[in-house]
Amino acid sequence: MSMLDARIKFRHLQTFVEVARQKSVIKAAGLLNISQPAVTKTIRELEEALGVAVFERDGRGIRITRYGEVFLRHAGAALTALRQGLDSVSQERSGEAPPIRVGALPTVSTRIMPRAMDLFLKEETWSRIKIVTGENAVLLEQLRIGDLDLVVGRLASPDKMTGFSFEHLYSEQVVFAVRAEHPLLSGGQSLFSDLNRYTILMPTRGSIIRPFVESFLIANGAGGLPNQIETVSDSFGRAFVRSSDAIWIISAGVVAGDVDDGLLALLPIDTSETKGPVGLTMRTDAIPSLPLSILMQTIREAASEIAKNF
C-alpha cells in the first residue's frame, strides 16, 4: 500500500479531478496550463497506480468509469482538505484567506447569527465572514456547488438532502404576526374565517416553511386566501405589517425580537403542528477548516441560548 501511495502525487489528483470536471483532456490541459500529452500521460500513470481505468472513450469524447466515480469522491475531498490546510497555515493571519461563506435563512439571520458573530469575534481567528440570506432552495444549491460552506436554517425535505448532512440545533414553529393594535387582537372573532378580510404575507413557494403553512391553513379551513403577497424579505415584512393591518405568516425567530419589544404581536393561534428542526447543513464530503469549526461552535452556543426562549 505504501508503494501505491508513493506513486500517486498531487498532480495526479489535480489532473484527474479537472479532466472529470471538464469531461475533456483538451479543456483540462488548457485550464491546468500543461500540454495535452502531459495530461494523458498523468492519467495513464494514475491508472497504472490504481490498477483500473478511470476514464473510457465515449464516441469522440470521454466519460468517467465506475471506478473513476468512486475515486473522484475521495480525490475531490483530498484536494479540498489540502487546499484548506494550506489556506489555514499561510493565509489566515495575513487577511488573504477566502471568507467563510454562510447561508442563513431569515429566522437565523435575525436571531442566531448576531449572537454567534459576537462569540466568534471574541475568538480572534481574524477570518472574514460572508453571510448571505435567501430562499432555502437557492442556498442549498449554492452549498452543493461550493459557493457556500455552511447553511443554517430549517431541515429541507429528504429529496433535497442528498449529499448533505444536518445537525439539529432546535425546533421552531410558524407564527401569525400583526401590528400591536391590530383589530384581530381584541378577541371574540373566529380568526381563521376572518383571515380572508386581510392582506396575508406568505412565505414564497421556494421557501422551506411554505408547505407547512399551506397544510396548516387548509387543515383549518383557510386555504386559498384571496389577498396574498409572497416574500422572504424580513425588512419588507416588518415595515409593511407595522404600517397596515396585514398579517405576516413567518417563522417565530424572525419576529421574536419585535414581539419582545412590543412592536409586533402574535395572533392567538396554536401553530405547534408547524414546528420543524433548525440546524446546520453541510456537504457530507466537506472537511471544515478550523475557523469554520469555531464558527459552527459559536452558532451552537447562540442557538442553545435562544432555544431556551422558544
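Residues numbered from 1 in each chain as written. Predicted model: local features only at pLDDT ≥ 70, side-chain atom pairs only at ≥ 80, totals over all residues. Heavy atoms only, no water.

Participant: Would you mind going over the overall build of the protein in detail, with residue names and values included?
Facilitator: Of the regular secondary structure elements, the protein holds 13 helices and 12 strands. The C-alpha radius of gyration computed for the protein amounts to 25 Å, which surpasses the reference 19 Å derived for 310 residues by more than 25%, pointing to a less compact arrangement than a globule. The dimensions of the protein, computed from C-alpha atoms along their principal axes, are 80 × 50 × 30 Å. Here the analysis covers contacts within the protein between residues at least 6 apart in sequence; of these, 74% occur between residues at least 24 apart. Here the protein has roughly 16200 Å² of accessible surface; of this, 54% comes from carbon and sulfur atoms. Charged side chains in the protein number 34 positive and 35 negative. The centres of these two groups are separated by 7 Å. (Helix = DSSP H or I, 4+ residues; strand = E, 2+ residues; numbered from the N terminus. Rg over C-alpha atoms; globule rule 2.2 N^0.38 Å. Contact = heavy atoms within 4.5 Å. Areas by Shrake-Rupley, 256 points an atom, 1.4 Å probe, with all protein chains shown as cover. Lys, Arg positive; Asp, Glu negative; His and termini not counted. Charge placed at Lys NZ, Arg CZ, Asp CG, Glu CD.)

Participant: With reference to specific residues and values, describe the pattern of salt bridges.
Facilitator: Evaluated as defined, the whole model comprises 19 salt bridges. We note a salt bridge from Arg63 to Asp58, for which the minimum N-O separation is 3.9 Å. A relative accessible area of 44% places Arg63 in the partly exposed class. A relative accessible area of 38% means that Asp58 is categorised as partly exposed. Taking the shortest distance from any N to any O, the salt bridge between Arg111 and Asp260 comes out at 3.9 Å. (Salt bridge = Lys/Arg side-chain N within 4 Å of Asp/Glu carboxyl O. Buried < 20%, exposed > 50% of the residue type's maximum accessible area, 1.4 Å probe, protein only.)

Participant: Tell me about the layout of surface pockets, and please be specific about residues and values.
Facilitator: The space that makes up the second largest pocket amounts to roughly 360 Å³. Surrounding the second largest pocket, 16 residues form its lining, Val25, Thr40, Phe55, Arg57 and Ile62 being those nearest its centre. When residues of the lining of the second largest pocket are traced back to their parent elements, those giving at least two are α3 (25-32), α4 (36-50), β1 (55-58) and β2 (61-64). Among the elements that line the lining of the second largest pocket, the one with the most residues is α4, at 5 residues. (1 Å grid on protein atoms, 1.4 Å probe; cavity = no way out; pocket = protein on both sides within 12 Å on 5 of 7 lines; lining within 4 Å. Points joined across faces, edges and corners; volume = space filled by probe spheres on them.)

Participant: Before we move on, can you summarise the packing of helix α2 (residues 10-22) against α4 with the specific residues and values?
Facilitator: Between α2 and α4, the shortest axis-to-axis distance is 9 Å and the interhelical angle comes to 110°. In terms of axis orientation, α2 runs roughly perpendicular to α4. Helix-helix and strand crossings are classified by hand; for α2 and α4 the assignment is left-handed. Contact with α2, carried on its side by Arg11, His12, Thr15, Phe16 and Val19, involves Val39, Thr42, Ile43, Glu45 and Leu46 of α4 and no other residues of that element. Classifying every residue of the contact of α2 with α4 gives 5 nonpolar, 3 polar and 2 charged. (Axes fitted to C-alpha atoms, helices over the stretch in contact; angles between N-to-C directions. Parallel < 35°, antiparallel > 145°, perpendicular 65-115°, else oblique. Left-handed = near helix turned anticlockwise from the far one by under 90°. Nonpolar A, V, L, I, M, F, W, Y, C, P; charged D, E, K, R; others polar.)

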